[in-house]
Every structure is written in structure tokens, then in C-alpha cells.
Amino acid sequence: MRDAYSHCQQIVREADKDLFFTTLFAPAKHRDSLFALYAFNCEVSRVRELAREPLPGEVRLQWWSEVLSGERGGEALANPVAAALLDTMKRHELPIQPLADLVDARIFDLYDDPLQTLADLEAYATKTSSVLFALAARILNSAVDEPNSDVSLHAGIAYAIAGLLRTFPRHAARRQLYVPVEVVERHKARTEDIFAGQATAELRAALAEMRSHARRHLTAARDLIATAPAAILPAFLPLALIRPLLARMDRGDYGPFSITEIPQWRRQWILWRAARWPSTIGR
């Protein structure tokens, strides 16, 4: 099992350096479990990139559903990420259903159907990102369950929207749109312009509304974190990156079809500061 957990750590280090770095601020006894949870998320969130076609992607996601339901037995134990995840679930008594719902939600990523409403986007974010925050908090403090549900909800929505805005150029290039249709239409933007890479004033207005929506959830999460148990704070450190990222998108030179990034050294400094002074998270 030690090799399985080491494999998960390596996956997170390569796929999500921010989560890797924040996990190092968690107590050593919980890091393996966090790496297992995050590695599982890396595996299911990049299915579209690995499978390239919807049907093989659905097969991969179905395999994970069967792993969670106990149908894969020895085959699951032979997969280091699955083995570590199942061990983590047993060790921390993590519920199966939220993880199963996360896998089901990722089916949406395989297709190019648009999200229709902000409510649809929030539901997607809740089943993907919010679940990760909630389960990470549970790993860090098994006594915390329902009391942290609201902070995980808002944290996940804010984090998901910020991430989708950051990867907007990549999704638009493959004609995939996570900005809800109702937001696009409210600002009279046109999907054909988006897929043609046209940074119109209408599109900029739609993206500005999305940033405002992310900030509202970030503020709600920040206020709840202030009264949350200190033990779960490492799970919420990634939120510290949201406001600086959105601020870069507010600048006059922001190009919607160019990936907006914060340099790695600065991201690590922001996360280190948040770990030292949790009150800076979300500010």
C-alpha cells in the first residue's frame, strides 16, 4: 500500500502542483489520504483528455463507478490509485455516494452540450469541487461532517468557476462551453463568436459576470472559514489563489482566449501566506 500512496503523490505533484503544495501543510498522518483523494480526482477529471472520444471516456468512468461499488475486487486493488482510495475510504469512513456522484458528474465533460443556467453550473460544481473540499475536511477532522457542508459548498463553486474561467480558452477551442447559456444570452454574446475566438465586448461582459459570481461564493466561504475548526483549514488553502487569479482577468490587457496564469513561485508564496495567516484566504 505504501507504493500505491507514493504513486498517488506523484500523480498530484505532476497534475496539480497547487494541491500538492497545500497538502504539505496538512498533518503528516493525513497526507497520504489527501493525495489518494486528489489523485482519484485527477484521474476522473482528465478522462476526456485521455480517452479523446465520449464512449471510451464513459467506459473509464463506469470502471470507477464499479470500483466504488465494490464490483472490481482484485482488479481495483491492482490499480494504485483505486487501492489507495479504497483504503482511504475505509480508514476515514468516507461515504461512497458523493464520490459516485462526482464520477457521474464528469460524464458531462465528455460531451459538448452547454450548461443552460447558473443553477446547472452550481450543481456541477457542487458534485465535483465541493465534494473534494468536504471529503478533504473529513479526512483532516473526522468529527466534522455537517457543520462544514456550507463552507465546502461555497468553496467548491468558487473554485470551480475560477478554474473554468482559467481554462476557458482550452474549452472554447474544442467547442465546449461552461459559461451558462443564460449568462451568454443575457449579455447578447454569441456562441459562434466564442468558438471563432472573437473576444467581443459582449463576451467580456459575460465573463465579468462569472467572475462576480465566483467572488460572491468566495466571500461566503471566507466568512464561514473564519469560524471553522482549525484542523480543516489545509483543505481550503487553494481558495487563496482565486482572488489573485480573478484580479488578473479584470485587467485591461486580459485576453479571454489566452490562458491566465499566476507564476508558480507567486502561487506558492500566496499559499504559504495563507497557511501562516488563514485570515488572508479569500481576501
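Residues numbered from 1 in each chain as written. Predicted model: local features only at pLDDT ≥ 70, side-chain atom pairs only at ≥ 80, totals over all residues. Heavy atoms only, no water.

*Asks:* Could you clarify how one ought to interpret unusual backbone geometry in this entry?
*Replies:* A negative phi angle characterises most non-glycine residues, just as the trans form characterises most peptide bonds. Phi at Glu93 takes a positive value of approximately 55°, unusual for a residue other than glycine. Among the structural elements, Glu93 can be located in the loop between α7 (80–92) and α8 (96–105). A positive phi angle, near 60°, is found at Lys188, a position not held by glycine. Looking at where Lys188 falls in the secondary structure, it is placed in the loop between α12 (181–186) and α13 (191–195). On the basis of relative accessible area, Lys188 is assigned to the exposed category, the value being 67%. (Helix = DSSP H or I, 4+ residues; strand = E, 2+ residues; numbered from the N terminus. Buried < 20%, exposed > 50% of the residue type's maximum accessible area, 1.4 Å probe, protein only.)

*Asks:* Before we go on, may I ask you to explain the nonpolar core in this structure?
*Replies:* One recurring pattern in soluble globular proteins: nonpolar side chains tend to sit buried together. Counting residues in hydrophobic clusters, the biggest one holds 94 residues, and the most contacted among them are Phe40, Trp64, Phe236 and Leu239. Of all the elements, helix α9 (residues 118–140) adds the most residues to this core, at twelve residues. Look past the residues within four positions of Phe236 in its chain and what remains in contact with it is Phe133, Ala137, Val151, Ser152, Ala155, Ile225 and Ile281. (Core = buried A, V, L, I, M, F, W, Y, C linked by side-chain atoms within 4.5 Å. Contact = heavy atoms within 4.5 Å.)

*Asks:* Before we go on, may I ask you to explain the environment of Ser130 in this structure?
*Replies:* Mapped onto the fold, Ser130 is located in helix α9. Note: C-alpha distance between Ser130 and Ala105 (25 residues apart in sequence) is 12 Å.

*Asks:* Explain the packing of aromatic side chains to me, please; I cannot follow it from the model alone.
*Replies:* To describe a pair of aromatic rings, you give the distance between the ring centres and the angle between the ring planes. Counting across every chain of the model gives eleven aromatic pairs. Here the aromatic rings of Phe40 and Trp64 are separated by 5.3 Å at their centres, their planes lie at 70°, and the arrangement is edge-to-face. Highlighted residues: Phe40 in helix α3 (residues 28–45) and Trp64 in helix α5 (residues 54–68), separated in sequence by 24 residues. What makes Phe40 buried here is its relative accessible area of 0%. The class of Trp64 is buried, set by a relative accessible area of 6%. One Lys or Arg, Arg276, reaches over the ring of Trp277 and ends 5.0 Å from the middle of that ring. (Phe/Tyr/Trp six-rings, centres within 6.5 Å; stacked < 30°, edge-to-face > 60°. Lys NZ or Arg CZ within 6 Å of the ring centre and 35° of its normal.)

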